[in-house]
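Structural description and commentary
Each chain, written out:
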Amino acid sequence: MLNLTIQRLGHACGARVTGVDLSRPVPPETLEAIRKAWLENLVLVFPEQKLDPKSLVAFTRNFGELDDFSSQPFNRHPDNKEVFLLSNKRKDGKLFPTYNSGQNWHTDLSYTVRPAKGTSVYCLEKPSVGGDTMFANMYLAYERLSPKMREFLDGLEAVHDISLVAGLDKRGPEVANEFRRLNPPVVHPAVRLHPESGRKALYINERVRNFLGLSEAESKPIVKFLCEHAVQPRHVYRHYWTLGDLVMWDNRCLVHLAVGDYDPNEIRHMIRTSGMGDYYGRYLDPEAAAAQIKGPVLSTDRKSVAALQD
Ligand SMILES: [Fe+2]
């Protein structure tokens, strides 16, 4: 018999899951119940978990292959390339590059041809107040557009550009340039069909530069309207982090934002895995992209990143 309790946290999305210890192997019937709850609620919060990089990987691998973060290898955990560090700790006296990650509305890795299916983030340290994460339901965003607008978007493709990641240049030229080199602009449909639920979701976020066939000037007001429409309060669940929370969300039908409202002298330190999604996109200019990506990659400096664990 399952001990799992699933309690909804928001009308648009979000549910709290208790009655399972994620640091131990989870039985198949429990995993199936979690998968079902995830598809229904889009964001699952597992409070009071005791995880480390190894157990985070072991649990999240149950839902498919994990990304090795080759799109940004300098942000990986030093001992595990499937674990990404979200941290405002210092490395060699400088803020770690992910200190300001995710501060505009986005869906993870949409600037790659294979965006993340799901993301799981485990909270190790948090500021005394602030640093929440907000999620918006993109099924609702799509369904609440007028039929004419849905028809217009159904045939459109959008260019996702890593240069539109908020605060990218504040991370220093070495990191920002490497980020751009490894992630040339990609094209995704403006509306995607969720492969498991069969529902359509708006796939637009603040990292979209323009629509194919439309100029930037023409696209900009449409992207702005769609982003504002998508993230209106009735579509949003806002998560207030507690130490030991594991939050697992579905990037195929959500956008999210890390609220950068906390005291920068306080530590926000989290570890993340991302499940590999489908090859959903393509490079805007495949030949230029292939030439650009070649070459040595700025990699994690094991020693200095290991210091982040202290
Ligand atoms: Fe994110």
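Use the structure listed above.
Residues numbered from 1 in each chain as written. Predicted model: local features only at pLDDT ≥ 70, side-chain atom pairs only at ≥ 80, totals over all residues. Heavy atoms only, no water.

**Focus on the coordination of the iron ion**
Convention followed: We call an atom a donor if it is N, O or S and sits within 2.8 Å of the metal, or 3.2 Å for Na, K and Ca. Water is not counted, so some sites may look partial. The secondary structure listing takes helices from DSSP runs of H or I that are at least 4 residues long and strands from runs of E that are at least 2 residues long, numbered from the N terminus.
Donor atoms from the polypeptide that bind the iron ion are His106 (NE2), Asp108 (OD) and His256 (NE2), placed at 2.1 to 2.2 Å. Sequence spacing among the residues donating to the iron ion works out to H-x1-D-x147-H. Of the two residues, Asp108 is situated in the loop between β7 (94-95) and β8 (116-125) and His256 in strand β17 (residues 254-258); the sequence distance between them amounts to 148 residues.

**Points about the sheet that holds strand β11 (residues 186-189)**
Heads up, the rule is: Each pair of strands is called paired provided DSSP finds at least two bridges between the two strands.
Reading across from one edge, β14-β10-β11-β19 is the order of the 4 strands in this open sheet, with antiparallel pairing throughout. At either margin of the open sheet sits one strand with a lone partner, and together these are β14 (208-211) and β19 (282-283). Examined bridge by bridge, strand β10 (residues 157-160) and β14 share 3 bridges and lie antiparallel to one another. Bridge pairing links Val159 to Asn210 in β14.

**Some details on the side chain of Asp250**
Where we set the bar: Note on contacts: a residue pair is in contact if any heavy atoms of the two residues lie within 4.5 Å.
Along the polypeptide, Asp250 turns up in strand β16 (residues 246-250). Those residues within four positions of Asp250 in sequence are excluded, and the remaining contacts are Trp38, Leu39, Leu42, Lys117, Gly118 and His194.

**Here's the deal with the pairing of β10**
In this sheet, β11 lies alongside β10 in antiparallel orientation, the contact comprising 4 bridges. Bridge assignment links Glu157 to a residue of β11, and that residue is Pro189.

**A word on helix α1 (residues 28-41)**
Selection criterion: Multiplying 1.5 Å by the residue count of a helix minus one yields the expected span of that helix. Whether a residue is buried, partly exposed or exposed follows from its accessible area with a 1.4 Å probe, protein chains only, as a fraction of its type maximum: under 20%, in between, or over 50%, in that order.
The first and last C-alpha atoms of α1 sit 20 Å apart over 14 residues, in line with the 20 Å expected at 1.5 Å per residue. The complete set of buried residues in α1 reads Thr30, Leu31, Ala33, Ile34, Ala37, Trp38, Leu39 and Asn41. The secondary structure elements touched by the buried residues of α1 are β1 (5-8), β2 (15-18), β3 (43-46), α2 (53-60), β8 and β16. The positive-phi residue at the C-terminal boundary of α1 is Leu42, with phi of around 70°.

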